[in-house]
Amino acid sequence: MQVRASYSEELRRILIAASDGALASDTQPLCRLNVFVIAKRTLPPPKARGGGGVPGLNNTQEVKAGEPGREAARGDFAASAVAAPAGEMEVVLGPGWPGILLHEAVGHGLEADFNRKKTSAFSG
């Protein structure tokens, strides 16, 4: 596994002067932690990266620097996984959410307005 990490911070101060003499200012702090991980066991190697945010320079923010490594390792593991079998299979659905999923996947396409407009996969 290859890991690269970098940290940067910046404090940007902006002053805007309007033609009527009005002044406005803004202070924009930026802290960023980058973590880039490549897992090398499989080809092509899975990659993951982490980011930062815009907390104040003096603020403390929890940074989960290990998360990109775990994500790359999961990708590396998944790349060596065995493919699921293909073909027709029996499916058993319980009450509740499966009915909603079936309604969303098939039910809306069977509605008359979509068929009249010929925008349904079931038109004709």
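Located above this text is the structure these notes cover.
All of the points below concern the structure found in this document. (Residues numbered from 1 in each chain as written. Predicted model: local features only at pLDDT ≥ 70, side-chain atom pairs only at ≥ 80, totals over all residues. Heavy atoms only, no water.)

### Some remarks on the overall build of the protein chain
Thought 1: The number of helices and strands found in the protein chain is 3 helices and 3 strands.
Thought 2: Residues classed as buried in the protein chain amount to 15% of the 124 residues present.
Thought 3: Long-range contacts, defined as pairs at least 24 residues apart, comprise 45% of the intrachain contacts of the protein chain with a sequence gap of at least 6.
Thought 4: As displayed, the protein chain offers around 10100 Å² of accessible surface, 58% of which is attributable to carbon and sulfur atoms. (Helix = DSSP H or I, 4+ residues; strand = E, 2+ residues; numbered from the N terminus. Buried < 20%, exposed > 50% of the residue type's maximum accessible area, 1.4 Å probe, protein only. Contact = heavy atoms within 4.5 Å. Areas by Shrake-Rupley, 256 points an atom, 1.4 Å probe, with all protein chains shown as cover.)

### Points about the side chain of S120
Thought 1: Counting through the fold element by element, S120 comes out in the segment after α3 (112–116).
Thought 2: Polar side-chain contacts of S120 include one of 2.4 Å to the backbone oxygen of G109.
Thought 3: Among the polar contacts listed, one links the side chain of S120 to the backbone nitrogen of F122, at a separation of 2.9 Å.
Thought 4: Discounting residues that sit within four places of it in the chain, S120 has contacts with G109, L110, F114 and N115. (Polar contact = N/O pair within 3.5 Å; in protein donor to acceptor, adjacent residues only side chain to side chain.)

### A closer look at the pattern of salt bridges
Thought 1: A complete count under the given rule lists 1 salt bridge for this structure.
Thought 2: The residue E10 makes a salt bridge to R12 at a minimum N-O spacing of 2.9 Å.
Thought 3: On the basis of relative accessible area, R12 is assigned to the partly exposed category, the value being 42%. (Salt bridge = Lys/Arg side-chain N within 4 Å of Asp/Glu carboxyl O.)

### Structural notes on unusual backbone geometry
The phi torsion of most residues other than glycine is negative, and most of the peptide bonds are trans.
Thought 1: In this structure, K118 is a non-glycine residue whose phi angle is positive, near 60°.
Thought 2: If you trace the backbone, K118 turns up in the segment after α3.
Thought 3: On the accessibility criterion, K118 (64% relative accessible area) is exposed.

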